[in-house]
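Listed below, chain by chain, are the residues.
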Amino acid sequence: MTTKQPLSHLDWLEAEAIHILREVAGQCSNPVLLFSGGKDSLCILRLAEKAFRPGRFPFPLLHIDTGHNYQEVVNFRDQRAAELGERLIVRSVEDSMKRGTVVLKSVDEPRNKHQSVTLLEAIEEFGFDCCIGGARRDEEKARAKERIMSFRDEFGQWDPKNQRPELWNLYNARVHKGENIRAFPISNWTEMDVWQYIEREKLELPSIYFAHQRDIVMRHGAIFPVNVPLSNGGVINQPKTSEEVINMQVRFRTVGDITCTAPVISDADNVSKIVVETATTTITERGATRLDDQTSDASMEQRKKEGYF
Amino acid sequence: MTTQHNDSLLRFMTCGSVDDGKSTLIGRLLYDTKTILADTLNNIERTSQKRGMEAVDLSLLTDGLQAEREQGITIDVAYRYFSTGTRKYIIADAPGHEQYTRNMVTAASTANLAIILIDARKGVLTQTRRHSYLAHLVGIPHIVVAVNKMDLVDYDQATFEKIKADYLAFASELGLAQARDIKFIPMSALNGDMLVDRLDNMDWYQGETLLEILEDVPAAHSEQAEQFRFPVQFVCRPHDSANPELHDFRGFMGRVESGEIAVGDAVTVLPNGYQSRVKAIQLGNTPLQSAHTEQSVTILLEDEIDTSRGDMIVKTAEAPEAVKQIEAHVCWLSETPLSPARTYIVRHTTRESKAKIGTIQYKVDVNTLEQQATADLKMNDIARVSFKLAQPLMVDSYDKNRATGAFIVIDESTNNTVGAGMIV
């Protein structure tokens, strides 16, 4: 018996994620990496660099734009893809709305769940057989049972009762035409691991992750950002007349659709302060910030069944 | 939670049923290590009240999917995480019932330690034997037998000692006691005795608490002095690069499944048997002098060798066999039974081969451990099976190497993973 120096937890998680990315590259003929500009997908970009440099990534990047994204994040997304010299494909929910494949119940309805439609359209358009995503098992209980390589049928549906067993590190990404795999290289990471990795790798992030002044109102017990400018020149999240607009120091723990992603009060203006804050917070990442997960006990499970990543 | 960087990672699994307090044990570990945050706790407080319970039911923390709640059962392996600041933990939480043998095998495949729960009032049961057999079969090196619900037997030392003796007798029969590191611990997951905190109900027990055991157990994937095995996942040839230095770059990308490699080592690429030396090792663009088990790296060789995904780089002095026939313990995972007439795909490391079933020697009754003759295999069956392969595989026995001794069986028509194999 030898006593080898074990890998630190970040080195181990990194090595596992690189292995998963290379399995995707080795097994799939036309994969794509979902890239939103958010912190989890930025970690995956760094992992892809470590996995494939000095070569190019064996997949393009794809963003499903809801049209409800923070400008800072969209700009950052474009900048990062350009720096890496990798191909970025953007497909927008608004185009799906124009085609009539996404029909909103109301104009300002959160569009997170409609991303599924646009994603499935993009999968069909390009013939992708695997989408690499940044989902983590610690995020939500429907994710705790998610495979690292998760099988989706022709309709993009996730069937929790009919998932492929996943043993050792022998992943099975085989699909028939029309079916696809969702691969999650950072499944085993927690929010804390992500922040520690960002700190260690000195990754740059969109500015809205750091403490900044912002107009907010209190709505349904949550902090709700108001008067947010959109990249098309419009403004979203108008306060109601009965609501008092307050200017506060906040930051986002997660970035998503402006209409359903709430910031938290924070003075953490750099990564090491965020690591400390993450260690001492009493609220889960989604509990604090994702208004769309709070509608029912099983809302994530439901959306995943419908093709959400 | 703490901001410190954990210096290692341990994967472990829990075996037991809800009745043994498995969910409570996991809930307690998460709660006492302060992994549970206030909103989650509020949620389970509300649910506990709704269900008419007085105290917070920590087992609700591992409550699963809607589909499972509707049926009141756990149908799948769930993964949970906690961290102590010195170590990060990944728990594979597998349902314990007999029909879920496949889930237990799945959870065990990546675990370095198994906690086997025994109800102090009931002692060693059939399911204890089943769990122990499976943990042994799947090669988990460290076993913790947790005698739970000690509060319900007045924290009686004699009860604990009796169960320990019973278990050891059975484990010796199985060969488990000789092959594995087994530890016993009396506990009450409900009260928290001997999990994270020692408390003062069992002064007669001077051994480690559960968390102390978890913190001390070796983290490495295996502590055996294993031979170097590097299955090639992907070959990097950046020929479109503007950088002329990269024109001849040919990097073999993969994860060190076992052993160590250093720049200058003599290597052989299997199955072709080409020999060369390691010119460089890289992680991304960073050069390394050496790499060891579980590191994902890129290896460059001194000679130009035609190598592709599915090949294996090994040290010349310690090459494994390339075989076209294998004998294995197989756990059948699919609702569709194994059909001995069909051709399957075997995936071993990064390599695939078509495979025909040779013979099914016997299947094992996981409760009595009796060997029985059989013509086919149904879901959750465990059997000894021989396979004939179309392509050679570079294998070690599973006992020697969990990475190069394991394979999965894939059904070509559905692409489903239908079997898990451990090479004898």
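Every value quoted in this text rests on a predicted model; they were computed, and no experiment measured them.

1. Side note on the overall build of chain A
Argument step 1. If you tally the helices and strands in chain A, you get 10 helices and 12 strands.
Argument step 2. The buried share of chain A, taken over its 309 residues, is 54%.
Argument step 3. Taking the contacts inside chain A whose residues are at least 6 apart along the sequence as the reference set, 75% of them involve residues at least 24 apart.

2. Some points on the domain arrangement of chain B
All names here are of chain B.
Argument step 1. The domains assigned to chain B are domain 1 (8–216), domain 2 (229–318) and domain 3 (321–423).
Argument step 2. Using only C-alpha atoms to locate each centre, domain 2 and domain 3 end up separated by 30 Å.
Argument step 3. Of the residues lining the interface, 11 residues belong to domain 2; the matching set on domain 3 comes to nine residues.
Argument step 4. Element by element, the count of residues in the side of domain 2 that touches domain 3 is highest for strand β7 (residues 229–236), at four residues.
Argument step 5. Tallied by class, residues from the side of domain 2 that touches domain 3 come to five nonpolar, three polar and three charged.

3. Comments concerning the sheet that holds strand β2 (residues 78–83) of chain B
All names here are of chain B.
Argument step 1. Reading across from one edge, β2-β3-β1-β4-β5-β6 is the order of the six strands in this open sheet, with mixed pairing throughout. Edge positions in the open sheet fall to β2 and β6 (181–186), since each of these has one partner strand only. Along the sheet, successive strands turn relative to each other by an average axial angle of 25°, direction set aside.
Argument step 2. The pairing of strand β4 (residues 113–119) with strand β5 (residues 142–148) spans seven bridges and is classified as parallel. Considered in β5, the bridge of I118 is made with V147.

4. Concerning the pairing of strand β18 (residues 351–364) of chain B
Residue and element names in this part refer to chain B.
Argument step 1. Direction of pairing for strand β17 (residues 343–348) relative to β18: antiparallel, over a ladder of six bridges. For I345, the partnering residue across the bridge sits in β18 and is K354.
Argument step 2. In this antiparallel pair of consecutive strands, β17 and β18, the connection spans two residues, and T349 shows a positive phi of 45°.
Argument step 3. For β18 and strand β20 (residues 382–395), the ladder comprises seven bridges, and the chain directions are antiparallel. Pairing of K356 across the sheet is with K388, part of β20.
Argument step 4. Hairpin connection of β18 to strand β19 (residues 371–372): six residues between the antiparallel strands, including L369 at a positive phi of 65°.

5. A look at the confidence of the model for chain B
Argument step 1. Chain-level statistics for chain B give a pLDDT mean of 88 and a share of 88% at 70 or above.
Argument step 2. The complex model carries a pTM of 0.92, and its ipTM stands at 0.92.

6. Section: the confidence of the model for chain A
Residues and elements named next belong to chain A.
Argument step 1. Averaged over chain A, the pLDDT score is 87; the fraction of residues at 70 or greater is 89%.
Argument step 2. Least confident of the elements in chain A is helix α9 (residues 285–289), whose mean pLDDT is 60; most confident is strand β1 (residues 31–34), at 98.
Argument step 3. This model gives residues 293–297 a pLDDT under 50, and the stretch forms four contacts once residues within four places in sequence are excluded.

7. What to know about the environment of R347 of chain B
Argument step 1. Residue placement: R347 of chain B occurs in strand β17.
Argument step 2. For the pair R347 of chain B and A319 of chain B, spaced 28 residues apart in sequence, the C-alpha separation works out to 20 Å.
Argument step 3. Beyond its immediate chain neighbours, meaning those up to four positions away, R347 of chain B contacts L170 and N172 of chain A together with E352, F407, I408 and I410 of chain B.

8. Description of the pairing of β20 of chain B
Argument step 1. Of the strand pairs in this sheet, strand β16 (residues 321–332) of chain B and β20 of chain B are connected by 10 bridges, and their pairing is antiparallel. Each bridged residue has a counterpart across the sheet, and for A328 of chain B the counterpart in β20 of chain B is V385 of chain B.

9. Thoughts on the sheet that holds strand β6 (residues 180–183) of chain A
Residues and elements named next belong to chain A.
Argument step 1. Taken in spatial order, the six strands line up as β3-β2-β1-β4-β6-β5 in an open sheet, and their pairing is mixed. The strands lining the two open edges of the sheet, one partner per strand, are β3 (88–92) and β5 (149–152). Pairwise comparison of adjacent strand axes, ignoring direction, gives a mean angle of 30° for this sheet.

10. Thoughts on helix α5 (residues 115–126) of chain A
All names here are of chain A.
Argument step 1. Across its 12 residues, α5 extends 16 Å between first and last C-alpha, which sits within 8% of the 16 Å expected from 1.5 Å per residue.
Argument step 2. Within the span of α5, buried status applies to Q115, S116, V117, T118, L119, L120, A122 and I123.
Argument step 3. Following α5 by one or two positions, G127 has its phi on the positive side, about 70°.

11. Things to note about the UniProt feature "domain: Phosphoadenosine phosphosulphate reductase" (unreviewed entry) in chain A
Argument step 1. Here, UniProt's "domain: Phosphoadenosine phosphosulphate reductase" (unreviewed entry) annotation points to residues 30–263 of chain A.
Argument step 2. The span residues 30–263 of chain A carries 26% helix and 20% strand; its end-to-end C-alpha distance comes to 36 Å.

12. A closer look at the nonpolar core
For soluble globular proteins, nonpolar side chains are generally found buried alongside one another.
Argument step 1. Ranked by size, the top nonpolar core spans 177 residues in total, and within it A108, A114 and A146 of chain B carry the most contacts.
Argument step 2. Every residue in contact with A146 of chain B, bar those within four places of it in the chain, is listed here: I115, I116, L117, I118, I185, M187 and L210 of chain B.
Argument step 3. Membership of the second largest hydrophobic core comes to eight residues, among which are Y70, I208, V255 and I258 of chain A.

13. A closer look at the packing of helix α4 (residues 101–109) of chain B against helix α5 (residues 126–137) of chain B
Residues and elements named next belong to chain B.
Argument step 1. Two elements in contact, α4 and α5, have axes whose closest approach is 9 Å; the angle formed by their N-to-C orientations is 40°. By the angle class used here, α4 and α5 are oblique. Between α4 and α5 lies a crossing of right-handed hand. Contact residues: α4 offers T101, M104, V105 and A108, while α5 offers H131, L134 and A135.

14. Concerning helix α7 (residues 191–201) of chain A
Argument step 1. Burial analysis of α7 of chain A places eight of its 11 residues in the buried class, which makes it a mostly covered element.
Argument step 2. Of the residues making up α7 of chain A, those classed as buried are E191, M192, D193, V194, W195, Q196, Y197 and I198 of chain A.

15. Here we look at the environment of T14 of chain B
Residues and elements named next belong to chain B.
Argument step 1. With respect to the element layout, T14 can be found in strand β1 (residues 8–15).
Argument step 2. For T14, a count of 27 C-beta atoms within 10 Å translates into the label buried.
Argument step 3. Measuring from C-alpha to C-alpha, the distance between T14 and T414 comes to 31 Å, with 400 residues separating the pair along the chain.
Argument step 4. Look past the residues within four positions of T14 in its chain and what remains in contact with it is K22, L25, I26, I91, D93, I115 and L117.

16. Things to note about the domain arrangement of chain A
All names here are of chain A.
Argument step 1. One can read the domain layout of chain A as domain 1 (9–192 + 298–305) and domain 2 (206–293).
Argument step 2. A C-alpha centroid distance of 24 Å is found between domain 1 and domain 2.
Argument step 3. Looking at the side of domain 1 that touches domain 2, the elements with two or more residues in it are α3 (71–84), α7 and α10 (299–305).
Argument step 4. Ranked by the residues each element gives to the side of domain 1 that touches domain 2, the list is headed by α3, at five residues.
Argument step 5. A class-by-class count of the residues in the side of domain 1 that touches domain 2 yields seven nonpolar, eight polar and eight charged.

17. Quick notes on unusual backbone geometry
Argument step 1. With omega at 10°, the peptide bond leading from R53 of chain A into P54 of chain A counts as cis.
Argument step 2. Relative to the helices and strands, P54 of chain A resides in the loop between α2 (39–52) and β2 (61–65).
Argument step 3. Cis geometry is adopted by the peptide bond preceding P271 of chain B, which originates at L270 of chain B and carries an omega value of 10°.
Argument step 4. With respect to the helices and strands, P271 of chain B occurs in the loop between β10 (266–270) and β11 (274–283).
Argument step 5. Unusually for a residue other than glycine, E294 of chain B sits at a positive phi of about 80°.
Argument step 6. On the secondary structure map, E294 of chain B appears in the loop between β13 (290–292) and β14 (296–301).
Argument step 7. Judged by C-beta crowding, with 24 C-beta atoms within 10 Å, E294 of chain B ranks as buried.

What counts, and where the lines are drawn
Residues numbered from 1 in each chain as written. Chains lettered and ligands numbered in written order. Predicted model: local features only at pLDDT ≥ 70, side-chain atom pairs only at ≥ 80, totals over all residues. Helix = DSSP H or I, 4+ residues; strand = E, 2+ residues; numbered from the N terminus. Buried ≥ 20, exposed ≤ 12 C-beta atoms within 10 Å, placed from the backbone. Contact = placed C-beta atoms within 7 Å. Domains from an automatic or database assignment. Nonpolar A, V, L, I, M, F, W, Y, C, P; charged D, E, K, R; others polar. Pairing = 2+ DSSP bridges. Axes fitted to C-alpha atoms, helices over the stretch in contact; angles between N-to-C directions. pLDDT = per-residue confidence, 0-100. Expected span 1.5 Å × (residues − 1). UniProt positions renumbered as here; feature names shortened; annotations may be inferred. Core = buried A, V, L, I, M, F, W, Y, C linked by C-beta atoms within 7 Å. Parallel < 35°, antiparallel > 145°, perpendicular 65-115°, else oblique. Left-handed = near helix turned anticlockwise from the far one by under 90°.

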